[in-house]
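Per-entry structural report
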Amino acid sequence: AQSVTQPDIHITVSEGASLELRCNYSYGATPYLFWYVQSPGQGLQLLLKYFSGDTLVQGIKGFEAEFKRSQSSFNLRKPSVHWSDAAEYFCAVGEPGGSQGNLIFGKGTKLSVKP
Amino acid sequence: DAGVTQSPTHLIKTRGQQVTLRCSPKSGHDTVSWYQQALGQGPQFIFQYYEEEERQRGNFPDRFSGHQFPNYSSELNVNALLLGDSALYLCASSLYSSGNTIYFGEGSWLTVV
């Protein structure tokens, strides 16, 4: 079955520290891969996406993610976290070549930032 | 350029009632998808509409139905509400052709009491 696993439910990092959020997926082929961020009471904002090509993807707000086919992973990283990064982060997969309306999401990782 | 807009933002309904949620897609988009996000969970795909037809459907009962209008806006209807239907309902829009990013609205919070 197709699924997305985000192993960490809640992560706390200090402001200025580096961040890595983990994402593993189970899918028949290499899917399209996404990271979204959701602030409390808000909708989802796309941080970055991977369709093909360079496995290191740059996104908005200084985030990047690396696709590793051998590990079925798409981990999100940021070198220096800001207090405003506190939010919930969702990894998602979509059908390659599809319309991308039907995404499968992980359960999310809540990020807290200590001053 | 308006993004995806949803209404209402919050509503409270009683078990057994029916609810209609509305979504206007981002300008230029022709496809609308609906998701349900329960508290503490990731969004779950309900269905997708394109050219006024349901194109894909997730694992949701027939109590969940939808409609897309000629102007691409969409409605989500839920009949015979259950307490478990309490959630944030997200609308997302995109272009139907391959490889396009979908954009989410801020959602409609539904509480069933």
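Our subject in this report is the structure included herewith. (Residues numbered from 1 in each chain as written. Chains lettered and ligands numbered in written order. Predicted model: local features only at pLDDT ≥ 70, side-chain atom pairs only at ≥ 80, totals over all residues. Heavy atoms only, no water.)

Section: the overall build of chain B
Our working rule: Secondary structure elements follow DSSP: runs of H or I no shorter than four residues count as helices, runs of E no shorter than two count as strands, and numbering proceeds from the N terminus. Atoms considered for the radius of gyration are the C-alpha atoms alone. The globule rule reads 2.2 Å times the number of residues to the power 0.38. Remark: exposure states derive from per-residue accessible area (1.4 Å probe, protein chains only) relative to the maximum for the residue type, with buried under 20%, exposed over 50%, and partly exposed in between. Between two residues, a contact is recorded if the distance between any of their heavy atoms is within 4.5 Å. Per-residue and other accessible areas were derived by the Shrake-Rupley procedure at a 1.4 Å probe size, with only the shown protein chains allowed to occlude residues. The charge count treats Lys and Arg as positive and Asp and Glu as negative. His and the chain ends do not count. The atom standing in for a charge is NZ when the residue is Lys, CZ when it is Arg, CG when it is Asp and CD when it is Glu.
Scanning chain B from N- to C-terminus turns up zero helices and eleven strands. Along chain B, helices (α) and strands (β) appear in the sequence β-β-β-β-β-β-β-β-β-β-β when read from the amino end. Computed over the C-alpha atoms, the radius of gyration of chain B is 13 Å, within 12% of the 13 Å expected from 2.2 N^0.38 for a compact globule of 113 residues. With the principal axes as the frame, chain B shows a C-alpha extent of 40 × 25 × 25 Å. Looking at chain B as a whole, 48% of its 113 residues qualify as buried. Partitioning the contacts of chain B with sequence separation of at least 6, the portion at a separation of at least 24 is 53%. On chain B, roughly 5,300 Å² of surface is accessible, and the fraction owed to carbon and sulfur atoms is 48%. Side-chain charges in chain B split into 7 positive and 10 negative, and the spacing between the mean points of these groups amounts to 9 Å.

Topic: the overall build of chain A
For chain A, the helix and strand inventory stands at zero helices and twelve strands. Traced from its N-terminal end to its C-terminal end, chain A shows the element sequence β-β-β-β-β-β-β-β-β-β-β-β. Taken against the 2.2 N^0.38 rule, which gives 13 Å for 115 residues, the C-alpha radius of gyration of chain A at 14 Å falls within 12% of a compact globule. When its C-alpha atoms are laid out on the principal axes, chain A stretches across 40 × 30 × 20 Å. Here chain A holds 115 residues, and 46% of them are scored as buried. Across chain A, contacts joining residues at least 24 apart in sequence account for 55% of those joining residues at least 6 apart.

What to know about unusual backbone geometry
Going from Ser7(B) to Pro8(B), the amide bond is cis rather than trans, its omega being -10 degrees. Within the secondary structure, Pro8(B) sits in the loop between strand S1 (5–7) and strand S2 (10–13). Even without glycine at this site, Lys61(A) takes up a positive phi of about 60 degrees. Relative to the assigned elements, Lys61(A) resides in the loop between strand S7 (56–58) and strand S8 (64–68). Residues other than glycine seldom take positive phi values, yet Glu52(B) does so here, at roughly 65 degrees.

Quick notes on the interface of chain A and chain B
Interface size is commonly expressed as the accessible area that is lost once the parts come together. Short version of the rule: Here the buried area means the combined drop in accessible surface, using a 1.4 Å probe, for two parts upon being joined, counting both sides. Just to be clear on terms, a salt bridge is a Lys or Arg side-chain nitrogen sitting within 4 Å of an Asp or Glu carboxyl oxygen. Three classes are used: nonpolar for Ala, Val, Leu, Ile, Met, Phe, Trp, Tyr, Cys and Pro, charged for Asp, Glu, Lys and Arg, and polar for all others, with Gly counted as polar.
Counting residues at the interface gives 21 residues for chain A, matched by 25 residues for chain B. For the pairing of chain A and chain B, the buried interface totals around 1,800 Å² over both sides, and the portion due to carbon and sulfur atoms is 48%. Linking chain A with chain B are zero salt bridges, by the criterion used here. Listing elements by their share of the side of chain A that touches chain B, those giving two or more residues are strand S5 (32–38) and strand S6 (45–50) of chain A. The element best represented in the side of chain A that touches chain B is S5(A), accounting for three residues. Among the residues making up the side of chain A that touches chain B, the classes are represented as eight nonpolar, eleven polar and two charged.

Regarding the pattern of salt bridges
All names here are of chain A. The final tally for this structure, using the stated rule, is eight salt bridges over all chains. Residue aspartate 8 pairs with arginine 22 through a salt bridge whose shortest N-O separation is 2.9 Å. In this pair, aspartate 8 sits in the loop between strand S1 (3–5) and strand S2 (10–14) while arginine 22 sits in the loop between strand S3 (19–21) and strand S4 (24–26), placing the two residues 14 residues apart along the sequence. One salt bridge connects arginine 77 with glutamate 66, and the closest N-O pair in it is separated by 3.2 Å. Of this pair, arginine 77 sits in strand S9 (residues 73–78) while glutamate 66 sits in strand S8, placing them eleven residues apart in sequence.

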